[in-house]
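# Descriptive structure summary
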Amino acid sequence: MPGNSQRKGAIKKSGKGATVGSGGRVRRGLEGKGPTPAAKDRPYHKAHKDAKRAERSDSGNRNESGRPKRRSAKSTEAEWVAGRNSVVEVLTAGIPVTGVYVAEGAERDGRLRDAFKMAAENGYPLLEVTRSELDRMTGGAVHQGLAARLPSYEYAHADDLLGRAADAGEKALIVALDSVTDPRNLGAVVRSASGFGAHGVVIPERRAAGMTAAAWKSSAGAAARIPIAQTVNLVRQLKAYQSAGCMVVGLAADGEISLPELTAPGGLATGPLVVVVGSEGKGLGRLVAETCDQLVSIPMHNQLESLNAGVAASVTLYAVAQARS
């Protein structure tokens, strides 16, 4: 075999030595590119795209001053008012409705004609449906061929009631209800709050009356003139009002001070005030009462008598309004 032949499988060695000056390139290659960026910092990573999307969404949910826009809550679903007298009462009270529904073939009596007239005057849609369809929509209620649909109520944000007072250049006056379950009492409180210059009413989100047709009727339309706010945690909201400079007082039969003391010249009633009204029969809850700065009693001739939530709120708000004037 020729002398320069190689054994099969042998490694051929180059006669060249190491490349001059290669050490720096090798070291730089071993150094790598530094720590791996976080996922949200890598432009093509899903986390980065999600973060940018969230930023765009957040910027759209801020007002001109850069503060987050508040989202108001809505009642879970629209409410139906069924029956000729009930529908006429709702329309007479000025309660907003999204439509008046009449069953095909319903007898045209005076009540029905009144409903038709008021619906036309207010621009409410008047729709004719089958009786079975009206049965289904009203959940089987005794509708007598006539029903009205109320829109879901849009509640204010509890913190924004302070802003309403500031915009008016007035000391805040807010009414908070602790587990008032009778919608008629809620409506009465709303009516008094509107009449005596309060800046809003706060109600708990759970275990309390909401703005139903009964509450609307009791408010005599005042619910359209004053904001009503819902809060998930009443105690937490009362503490937020205290942090904002409000005095929080609760109405209680065994109050530490009387209403005349609260409304005395130069007294607590002249400053930012939150009046808390307890539930029917049970009064204020323990945690709510402990959160109040003062418990206030309404003097009565007969100590055995008691006032329901609506009347107690009316008496107190009148006295506060007089003190402030």
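Residues numbered from 1 in each chain as written. Predicted model: local features only at pLDDT ≥ 70, side-chain atom pairs only at ≥ 80, totals over all residues. Heavy atoms only, no water.

## Looking at the sheet that holds strand 2 (residues 99-103)
Applied cut-off: Only strands that DSSP links by at least two bridges are regarded as paired with each other. Each helix is a run of H or I in the DSSP string that is no shorter than four residues. Each strand is a run of E no shorter than two, and both are numbered from the N terminus. Interaxial angle, 0 to 180 degrees, is taken between N-to-C directions of lines fitted to C-alpha atoms, where a helix line uses only the stretch in contact. Two residues form a contact once any of their heavy atoms are found within 4.5 Å.
As summarised here, the arrangement of the 4 strands in space is 1-4-2-3, forming an open sheet in which the pairing is mixed. In this open sheet, the two edge strands, each paired with only one partner strand, are strand 1 (79-82) and strand 3 (126-129). This sheet shows a mean twist of 25° between the axes of neighbouring strands, independent of strand direction. Where strand 2 and strand 4 (residues 146-150) come together, 4 bridges link them in antiparallel fashion. The residue of strand 4 that forms the bridge with tyrosine 101 is alanine 147. In the packing of helix 3 (residues 84-92) onto the sheet, contacts are made with strand 1, strand 2 and strand 4, and the angle to strand 4 comes to roughly 40°. Of the strands in this sheet, strand 2, strand 3 and strand 4 touch helix 4 (residues 110-122), which is tilted by about 150° from strand 2.

## Structural notes on the packing of helix 7 (residues 183-195) against helix 12 (residues 309-324)
Defined as follows: Any angle that is under 35 degrees is reported as roughly parallel, and any over 145 degrees as roughly antiparallel; angles of 65 to 115 degrees are reported as roughly perpendicular and all others as oblique. For this classification, the nonpolar set comprises Ala, Val, Leu, Ile, Met, Phe, Trp, Tyr, Cys and Pro, the charged set comprises Asp, Glu, Lys and Arg, and every other residue, Gly included, is treated as polar.
Contact pair helix 7 / helix 12: the axes reach a minimum separation of 8 Å and the direction vectors enclose 10°. Of the possible angle classes, the one that applies to helix 7 and helix 12 is roughly parallel. Within the contact between the two elements, helix 7 uses Asn185, Ala188, Val189, Ser192 and Ala193 and helix 12 uses Ala309, Gly310, Ala313, Ser314 and Leu317. Here the residues of the contact of helix 7 with helix 12 sort into 6 nonpolar, 4 polar and no charged.

## Topic: the pairing of strand 12 (residues 294-297)
With 3 bridges joining them, strand 9 (residues 247-251) and strand 12 adopt parallel strand pairing. The residue of strand 12 that forms the bridge with leucine 251 is valine 296. Taken together, the 2 bridges between strand 10 (residues 257-258) and strand 12 define a ladder with parallel strand orientation. By the bridge assignment, serine 258 is partnered in strand 12 with serine 297.

## Some details on helix 4
Note the threshold: Helix span, as expected, comes to 1.5 Å for every residue beyond the first. Note on exposure labels: buried denotes an accessible area under 20% of the residue type's maximum, exposed denotes more than 50%, and partly exposed covers the range between, all computed with a 1.4 Å probe on protein chains only. Polar contacts here mean pairs of N or O atoms no more than 3.5 Å apart (in protein, one a potential hydrogen donor and the other a potential acceptor; neighbouring residues in sequence count only if both atoms are side-chain atoms).
With 13 residues, helix 4 should reach 18 Å at 1.5 Å per residue; the first-to-last C-alpha distance of 18 Å fits that figure. Buried within helix 4 we find Leu112, Ala115, Phe116, Met118 and Ala119. If you follow the buried residues of helix 4, they end up packed against helix 3, strand 2, strand 3 and strand 4. The opening residue of helix 4 is aspartate 109, an N-cap whose side-chain oxygen sits 3.4 Å from the backbone nitrogen of arginine 111. Residue glycine 123 follows helix 4 closely and has a positive phi angle near 75°.

## Observations regarding a nonpolar patch on the surface
Put simply, the rule reads: Exposure above 30% relative accessible area and the absence of a salt bridge qualify a residue for a patch, where like charges join within 9 Å and nonpolar side chains (Val, Leu, Ile, Met, Phe, Trp, Tyr) within 5 Å. Note on areas: Shrake-Rupley with a 1.4 Å probe; residue coverage comes only from the protein chains shown. Any carboxyl oxygen of Asp or Glu within 4 Å of a side-chain nitrogen of Lys or Arg constitutes a salt bridge here.
A cluster of nonpolar side chains, contributed by Leu307, Val311 and Val315, occupies part of the molecular surface with about 190 Å² of accessible area. In this structure, valine 311 sits in helix 12. When its relative accessible area of 38% is taken as the criterion, valine 311 is described as partly exposed.

## Side note on the nonpolar core
Put simply, the rule is: Here, nonpolar core means buried Ala, Val, Leu, Ile, Met, Phe, Trp, Tyr and Cys residues that are tied together by side-chain atoms lying within 4.5 Å of each other.
Judged by nonpolar contacts, the single largest core of 57 residues is most densely connected at Val175, Leu177, Met211 and Ile228. The dominant element in this core, judged by the number of residues it contributes, is helix 12, at 6 residues. With near-sequence residues (within four places) excluded, methionine 211 lies in contact with Tyr153, Tyr155, Leu186, Trp216, Ala223 and Ile228. Listed in part, the 21 residues of the second largest apolar core include Ile174, Val235, Leu238 and Val288.

## Quick notes on the confidence of the model for the chain
Worth spelling out the cut-off: The pLDDT value expresses, per residue, how confident the predictor is, ranging between 0 and 100.
On average, residues of the chain score 81 in pLDDT, and 75% of them are at 70 or above. Note on residues 57-69: pLDDT is under 50 here. Beyond four places in sequence and across chains, it has 10 contacts.

## Here's the deal with the pairing of strand 4
The buried fraction of strand 4 amounts to 4 of the 5 residues, a majority that puts the element mostly inside the structure. As judged from the 4 bridges shared by strand 1 and strand 4, these two strands associate in the antiparallel manner. In the sheet register, glutamate 79 faces strand 4, and the bridge partner there is leucine 150.

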